[in-house]
Amino acid sequence: MNNLSQLFASLDISVPNALFAIAATVASYALMHGALILFRRRIGQLSEEHQHRTIAQVLGKTLAHTGVFAILATSILIGLSVLDLPEPWNTRLGHLWFFTLGIQIAAFLHRAVKIGARRYFLSHGRGAVDDQVTVAHTVVIWLLQTTVWVVFVLAMLSNLGINVTTFVASLGIGGVAIALAVQNILGDLFASMSIAVDKPFEVGDFITVNNFSGTVEHVGLKTTRVRALGGEQIIVANAELLRNTVYNYRRMSTRRIVFTLRASPTTPRELAARVPEMLREIVAKHDKLRFDRAHLKTLDQNWIEYEIVYTMLDASFDLYMDTQQAINLDAMQMFEDLGISTAPRPRHVLLQEAPEARDLRGPEKPAANEDRPGAASARPRYLNH
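Residues numbered from 1 in each chain as written. Predicted model: local features only at pLDDT ≥ 70, side-chain atom pairs only at ≥ 80, totals over all residues. Heavy atoms only, no water.

1. So, the overall build of the protein
Step number 1: In terms of regular secondary structure, the protein is built from twelve helices and ten strands.
Step number 2: Looking at the 385 residues of the protein, the share that counts as buried comes to 29%.
Step number 3: Residue pairs in contact within the protein that sit at least 24 positions apart in sequence constitute 67% of those at least 6 positions apart.
Step number 4: For the protein, the computed accessible surface area is about 25400 Å², with 60% contributed by carbon and sulfur atoms. (Helix = DSSP H or I, 4+ residues; strand = E, 2+ residues; numbered from the N terminus. Buried < 20%, exposed > 50% of the residue type's maximum accessible area, 1.4 Å probe, protein only. Contact = heavy atoms within 4.5 Å. Areas by Shrake-Rupley, 256 points an atom, 1.4 Å probe, with all protein chains shown as cover.)

2. Observations concerning the environment of Ile115
Step number 1: By secondary structure assignment, the location of Ile115 is in helix 5 (residues 89-123).
Step number 2: Residue classification places Ile115 among the buried residues on the basis of a relative accessible area of 8%.
Step number 3: Spatially, the C-alpha atom of Ile115 lies 9.4 Å from that of Ile141, the residues being 26 residues apart in sequence.

3. As for the nonpolar core
Step number 1: In this structure, Val275, Leu279, Ile308 and Tyr310 are the most contacted members of the largest nonpolar core, which totals 25 residues.
Step number 2: Going through the elements one at a time, strand 6 (255-263), helix 10 (269-284), strand 7 (289-299), strand 8 (304-312) and helix 11 (317-338) are the ones with two or more residues in this core.
Step number 3: By size, the runner-up hydrophobic cluster in this structure holds twelve residues, among which are Ile195, Val219, Val226 and Val236. (Core = buried A, V, L, I, M, F, W, Y, C linked by side-chain atoms within 4.5 Å.)

4. Considering the packing of aromatic side chains
Step number 1: In this structure the tally under the stated criterion is four aromatic pairs.
Step number 2: A centroid spacing of 5.9 Å and a plane angle of 85 degrees characterise the contact between Trp149 and Phe152, whose relative ring orientation is edge-to-face. Placement of both Trp149 and Phe152 in helix 6 (residues 131-159) is noted, with a separation of three residues, approximately one turn of the helix.
Step number 3: A residue is classified by how much of its surface remains accessible, and Trp149, at 30% relative accessible area, is partly exposed.
Step number 4: Of the residues examined, Phe152 reaches a relative accessible area of 12% and is grouped as buried.
Step number 5: Each ring, one from Phe206 and one from Tyr249, has its centre 6.1 Å from the other, and the planes form 55 degrees; the classification is tilted. You can see Phe206 sitting in strand 1 (residues 206-209) and its partner Tyr249 sitting in the loop between strand 5 (246-248) and strand 6, a full 43 residues away along the chain.
Step number 6: Owing to a relative accessible area of 25%, Phe206 belongs among the partly exposed residues under this scheme.
Step number 7: Positioned over the ring face of Trp303 is Arg262, at 5.1 Å from the centre of the ring. (Phe/Tyr/Trp six-rings, centres within 6.5 Å; stacked < 30°, edge-to-face > 60°. Lys NZ or Arg CZ within 6 Å of the ring centre and 35° of its normal.)

5. As for the pattern of salt bridges
Step number 1: Per the counting criterion, the structure on display carries 13 salt bridges.
Step number 2: Residue Arg250 is joined to Asp205 by a salt bridge in which the shortest nitrogen-to-oxygen separation is 3.1 Å. One end of the pair, Arg250, is in the loop between strand 5 and strand 6; the other, Asp205, is in the loop between helix 8 (183-198) and strand 1, with 45 residues separating them in the sequence.
Step number 3: You can call Asp205 buried: its relative accessible area is 0%.
Step number 4: Put simply, Asp330 and Lys285 hold a salt bridge, and the shortest N to O gap is 3.0 Å. In this pair, Asp330 sits in helix 11 while Lys285 sits in the loop between helix 10 and strand 7, placing the two residues 45 residues apart along the sequence.
Step number 5: Assessed through its relative accessible area of 24%, Asp330 is described here as partly exposed.
Step number 6: Through salt bridges with shared partners, a single ionic network connects Lys199, Glu202, Asp205, Arg250 and Arg251. (Salt bridge = Lys/Arg side-chain N within 4 Å of Asp/Glu carboxyl O.)

Put into structure tokens, the structure is as follows:
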């Protein structure tokens, strides 16, 4: 007791001030512990509501790891704050505040990043998850968590009075040098992370990129492997893949079809006017499609052309081909019933011997019937085409 009194006397702290600090420590611990329990209960209620479910579950799992030690350390600091401490203890107490609150906030962010990122990957994933995609998810989470702790350490060093500007500049220069040395590998690595997070395509999707098409078999950290329609495997770098436009056909919900039918331009006007309505009936009778329009689009000397547009409500390519085949066969029967020809307008080709060819053969002898007066002269020949 005498030693404690001597310590208080050396710090210029009175006994009532010390007792008040102890009471403040106990009271703050009880209040924070009770507030934490009530807050967890409230979050549990919000997690049952669909509108706030995601945020509430992330907060609940993050605060679930709040330990008694963190609350106790904060309560002790509150108690020390009400003491009339001389320098340099007052400054050291400020450093302790920064360290305690900073490490607790960093721990919260570390846990929240892990929980939030995993929930994002699970909610935006479809089907089986590839092992390399899982690795990419882990790398993304690790980078985010490392960033949190690096920021905390730099902030702590700055709070202690250490100049971190030179250190950060050195890290930046070293990072630039390393990035330039392995820029292609890093480009593919970050492209893999982008694919894992944004998910423009996944394993099993049928995609088209530039001049090749195929099914995605594997998404790695550096390359993506695609099984082409011909059976060969195409390996393309992730960075190169994301620099181009990717068409993902697996995610089609509908398929818009535009096709044309041609008929002879000699078709009578009355018959030509009946064709669009009959085409409407032919297309509309099929299931899982929506008829859009049918019009006589083009009229020239060779063809009359009808344009038909409909939308498949099912994106299955096999169903589309079966439907289109049935429509074409019905259209052929319709033209046959109406007596409309699908042949182009006949062409007349004139065949006439060039004068140079006659000169090379020399003078021709007149035929027997050409010697008679009034005989017919030679005429060019016409061929129908």
